[in-house]
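Breakdown of the fold
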Amino acid sequence: MIENNTCEVCQALAHNEPLFETRFWTVTLSQDQGYLGRCYVTLKEHRETLSRLSDKQWQEFVEVVRKLESAMAASFGAKLFNWVCLMNNAYQKQPAQPHVHWHFRPRYDHKVKVGGMVFDDPKFGFHYDRNQVKLVDDSLLDEINQVISGHLL
Ligand SMILES: [Zn+2]
């Protein structure tokens, strides 16, 4: 069911295959794996700001953070996790339709090889690089998905 027909995030929720989901949140791998394990963590309800989340949604978010961070550490040895809630793009249209979601980027102090492709994080210890983009095909994305799924507790 699409909650808000004019919201791009609500539309995407109806089509994307999640890495895992909880009652309130869904976690999907980005096609851009410039930072290996890059995900979107999206609220399943259309809420416009973090301050509008319910206490239950926050409590469950903590569980998602623990689960995702520990899976990325176990899967690929990620050392650090960059979480940002931006929603800037939503304001490029009028009326703006922001929908709470987090951008999650694991960070690495070493190279990781998956499916014959090498993933690197040359700016480890510094702000992530928005230009570090690595679009992967569906079969590699599926392979990454399977490695992480094997470490979801
Ligand atoms: Zn929405």
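This text follows the structure it describes.
The residue numbers shown here count from 1 along each chain, following its written sequence. pLDDT decides what is reported in this predicted model: residues at 70 or higher carry local features, side-chain atom pairs at 80 or more are listed and counted, and totals for whole chains, interfaces and linings draw on all residues regardless. Hydrogens and water are ignored here; the side-chain numbers use all heavy atoms of the structure.

**Section: the overall build of the chain**
To keep it simple, the criterion reads: Each helix is a run of H or I in the DSSP string that is no shorter than four residues. Each strand is a run of E no shorter than two, and both are numbered from the N terminus. The reference for a compact globule is 2.2 Å times residues^0.38; the radius of gyration itself is calculated from the C-alpha atoms.
Within the chain, the regular secondary structure consists of 3 helices and 7 strands. The order of α-helices and β-strands along the chain, N terminus first, is α-β-β-β-α-β-β-β-β-α. Relative to the globule expectation of 15 Å for 153 residues, the C-alpha radius of gyration of the chain, 16 Å, shows essentially globular dimensions. Along the longest, intermediate and shortest principal axes, the C-alpha atoms of the chain span 40 × 35 × 30 Å.

**Observations regarding the pattern of salt bridges**
For clarity, the cut-off: Think of a salt bridge as a Lys or Arg side-chain nitrogen and an Asp or Glu carboxyl oxygen that are within 4 Å of each other. Burial classification: accessible surface area is computed with a 1.4 Å probe over protein chains only, and a residue below 20% of its type maximum counts as buried, one above 50% as exposed, and the rest as partly exposed.
Counted under the stated rule, the structure contains 7 salt bridges. Two residues, E8 and K93, come together in a salt bridge whose shortest N-O distance is 2.4 Å. With a gap of 85 residues between them, E8 in helix α1 (residues 8–15) and K93 in the loop between β4 (80–84) and β5 (101–107) connect regions that are remote in the sequence. Residue K93 is classed as partly exposed on the basis of its relative accessible area, which comes to 49%. The partner of K44 in a salt bridge is E21, and the shortest N-O contact between them spans 3.1 Å. With a gap of 23 residues between them, K44 in the loop between β3 (39–43) and α2 (55–76) and E21 in strand β1 (residues 20–21) connect regions that are remote in the sequence. Judged by its relative accessible area of 46%, E21 is partly exposed.

**Some details on the sheet that holds β5**
The following threshold applies: Whether two strands pair depends on DSSP finding at least two bridges between them.
Sheet architecture is open: 5 strands sit in the order β1-β2-β3-β5-β4, paired in antiparallel fashion. The open sheet is flanked by β1 and β4, the only strands paired with a single partner. Inspection of the sheet shows strand β2 (residues 25–29) paired to β3 by 5 bridges, in the antiparallel sense. Residue pairing in the sheet places W25 in a bridge with L43 of β3.

Shape is all these values report; function is a separate question.
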